[in-house]
Amino acid sequence: MQAERNRVLVTGASGFIGSQVARHLAAVGHAITALDLRPPPEPHPAGVKMIDCDLRHGKLPDDELPHVVHLAALGGVRPSMERPLDYLDTNLGATIRLLEHARKRGLRRFIFASSSSVYGPTAGRPSKEDDQLNPCSPYAITKLQGEEWGQLFAEKHGIDFIALRFFAVWGPGQRPDLALESFRRKILEGEAITIHGDGSQRRDLTHVSDVARAIEAALAWNGRGFEVFNVGTGRSHSVNEMLRAAEAWTGMKTKVHYGPAHPADVPATLADVRKAEEMLGWKAEASFPGRSPLPNSGKAALGLLR
Ligand SMILES: NC(=O)c1ccc[n+]([C@@H]2O[C@H](COP(=O)([O-])OP(=O)(O)OC[C@H]3O[C@@H](n4cnc5c(N)ncnc54)[C@H](O)[C@@H]3O)[C@@H](O)[C@H]2O)c1
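Conventions adopted
Throughout this description, residue numbers start from 1 for each chain and increase along the sequence as written. With the structure being a predicted model, the display of local features is reserved for residues of pLDDT at least 70 and the display and counting of side-chain atom pairs for 80 or more, all residues being used for whole-chain, interface and lining totals. Neither water nor hydrogens contribute to the side-chain values; these are computed over all heavy atoms in the structure. Numbering goes from the N terminus for both helices and strands, where a helix is a DSSP run of H or I of at least four residues and a strand is a run of E of at least two. Radius of gyration: C-alpha atoms only; globule rule: 2.2 Å multiplied by the number of residues to the exponent 0.38. Buried, partly exposed and exposed residues are distinguished by accessible area as a fraction of the type maximum, computed with a 1.4 Å probe on protein chains only: under 20%, between the cut-offs, and over 50%, respectively. Residue contacts are defined here by distance: any two heavy atoms, one from each residue, within 4.5 Å place the two residues in contact. Computed by Shrake-Rupley with a 1.4 Å probe, the accessible areas treat only the displayed protein chains as cover when residues are assessed. Neither His nor the chain ends contribute to the count of charged residues, in which Lys and Arg are positive and Asp and Glu negative. Charge positions are represented by NZ for Lys, CZ for Arg, CG for Asp and CD for Glu. Whether two aromatic rings pair depends on their centres lying within 6.5 Å, for rings of Phe, Tyr and Trp, where Trp uses its six-membered ring; planes under 30 degrees apart make the pair stacked, over 60 edge-to-face, and the rest tilted. In the sections that follow, a salt bridge refers to a side-chain nitrogen of Lys or Arg positioned within 4 Å of a carboxyl oxygen of Asp or Glu. Residues are classed as near a molecule or strand on a simple rule: at least one heavy atom within 4 Å of it. Definition of a polar contact: a pair of N or O atoms within 3.5 Å, with one able to donate and the other able to accept a hydrogen when the atoms are protein atoms, and with sequence-neighbouring residues admitted only if both atoms are side-chain atoms. Each residue gets one of three labels, nonpolar for Ala, Val, Leu, Ile, Met, Phe, Trp, Tyr, Cys and Pro, charged for Asp, Glu, Lys and Arg, and polar for the others, Gly among them.

## Looking at the overall build of the chain
Item 1. Counting its regular elements, the chain contains eight helices and 13 strands.
Item 2. Taking 2.2 N^0.38 as the reference for a compact globule, 306 residues should give roughly 19 Å; the C-alpha atoms of the chain span a radius of gyration of 19 Å, in line with that estimate.
Item 3. Each of the three principal axes of the chain carries a C-alpha extent, and together these read 55 × 45 × 35 Å.
Item 4. Scored against the burial criterion, the 306 residues of the chain give a buried share of 53%.
Item 5. Pairs at least 24 residues apart make up 80% of the contacts formed inside the chain by residues separated by at least 6 positions.
Item 6. Accessible surface, the chain: about 14300 Å² in total, of which carbon and sulfur atoms supply 51%.
Item 7. Of the side-chain charges in the chain, 38 are positive and 35 negative, and the distance between the mean point of each set is 3 Å.

## A closer look at the packing of aromatic side chains
Item 1. Summed over all chains, the structure comprises nine aromatic pairs.
Item 2. On the numbers, 5.6 Å between centres and 35 degrees between planes, the contact of Phe 112 with Phe 161 is tilted. Pair noted here: Phe 112 is in strand S5 (residues 109-115) and Phe 161 is in strand S6 (residues 160-166), with a separation of 49 residues, a long-range link.
Item 3. With a relative accessible area of 2%, Phe 112 lands in the buried category.
Item 4. Classification of Phe 161 by relative accessible area gives buried; the value is 0%.
Item 5. Ring centres 5.5 Å apart and planes at 90 degrees place the aromatic pair Trp 221 and Phe 229 in the edge-to-face group.

## Notes on the pattern of salt bridges
Item 1. The final tally for this structure, using the stated rule, is 21 salt bridges.
Item 2. Salt-bridge contacts for Arg 224 lead to Asp 160; the nearest nitrogen and oxygen are separated by 2.8 Å. Of this pair, Arg 224 sits in the loop between helix H6 (208-220) and strand S11 (226-231) while Asp 160 sits in strand S6, and the two are 64 residues apart along the sequence.
Item 3. Judged by its relative accessible area of 5%, Asp 160 is buried.
Item 4. Among the salt bridges present, the one from Glu 285 reaches Arg 213, with a minimum N-O distance of 3.4 Å.

## Points about the site of the ligand
Item 1. Around the ligand lies a shell of 26 residues, among which Ile 17, Asp 36, Tyr 139, Val 169 and Arg 175 are the nearest.
Item 2. Here an oxygen atom of the ligand and a backbone polar atom of Gly 15 are 3.1 Å apart.
Item 3. For the ligand, the protein covers 92% of the area, taking 830 Å² as the surface of the free molecule.
Item 4. For the shell around the ligand, the secondary structure elements donating two or more residues are helix H1 (16-27), S5 and helix H4 (138-157).
Item 5. Ranked by residue count, the leading element in the shell around the ligand is S5, at three residues.
Item 6. Tallied by class, the residues present in the shell around the ligand amount to 14 nonpolar, six polar and six charged.

## A look at the environment of Thr 142
Item 1. By secondary structure assignment, the location of Thr 142 is in helix H4.
Item 2. Exposure remark for Thr 142: the relative accessible area of 3% places this residue in the buried category.
Item 3. Sequence separation between Thr 142 and Leu 88 is 54 residues; the distance between their C-alpha atoms is 6.2 Å.
Item 4. When near neighbours in sequence (up to four residues on either side) are disregarded, Thr 142 contacts Tyr 87, Leu 88, Asn 91 and Leu 92.

Right under this line is the structure:
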């Protein structure tokens, strides 16, 4: 039988980050149960158990749940401005439901996908975990509240709750609504790109493989209680640099318009990464845009080559 410490429930396991986290954790020896309300883009590796469940009201697993990696959520600051109640239900309501359910089934450690958006506008300086927080969108507020509920559960119920604040994640299978993937697809389809603002906004771009390694490190960490770590690189890139990377990956260009800045966007995100380095022994390894572009970056990826 698999040791208890190796049994991990991964929620949002069909998503961009979750599918790669489930694969990575399975590869390093954990027994993974992958939960989502939709099927994965590619089959999970052999041995990964799948559960089809909507965390808001579906039937949650009855087994012991010693370790949970909770990635399921509605992502994106911009759409959260239009659908705040949906974000509240999924990102906060379902998180509390899962925490309470898992607590009754032997929960020991809960890894929570938080976000750099909890920092709000920072004037470009590196954000530290103990900085004052200023979430500026419904999405960011749900992430901060998720952390607060986790702290409560850690203090009242003695679980370990580790919030990992991911900074703009990129890599194979990246979300279509995020700038890099949106640019890449529009270039390939010959569609014009609209950039909100002048393109000087900067993001700390963190590769999904580094995020998977950070989650592995958080599961293995020997600390206890409530803790928060930035998961970023400590370097940032402008939206105009992302556009140039998408052009380089596709070998093509398209028309670009510059429009008004989006009210939910912050000018810059940048992680102070010292805490994760010192306490988790984790450091980002991939750099943007790196030597090799995303796999399948060209027309074939979109089925445009016949
Ligand atoms: N991608 C980023 O740059 C980024 C940055 C910071 C934080 N995060 C956080 O990381 C996590 C993963 O993000 P992602 O980019 O992989 O998003 P994603 O949208 O690709 O994946 C989220 C997954 O959650 C699932 N899900 C949503 N609601 C659900 C529900 N009610 N029940 C069950 N499953 C549900 C979706 O089906 C999806 O597969 C999210 O919590 C997100 O907020 C992502």
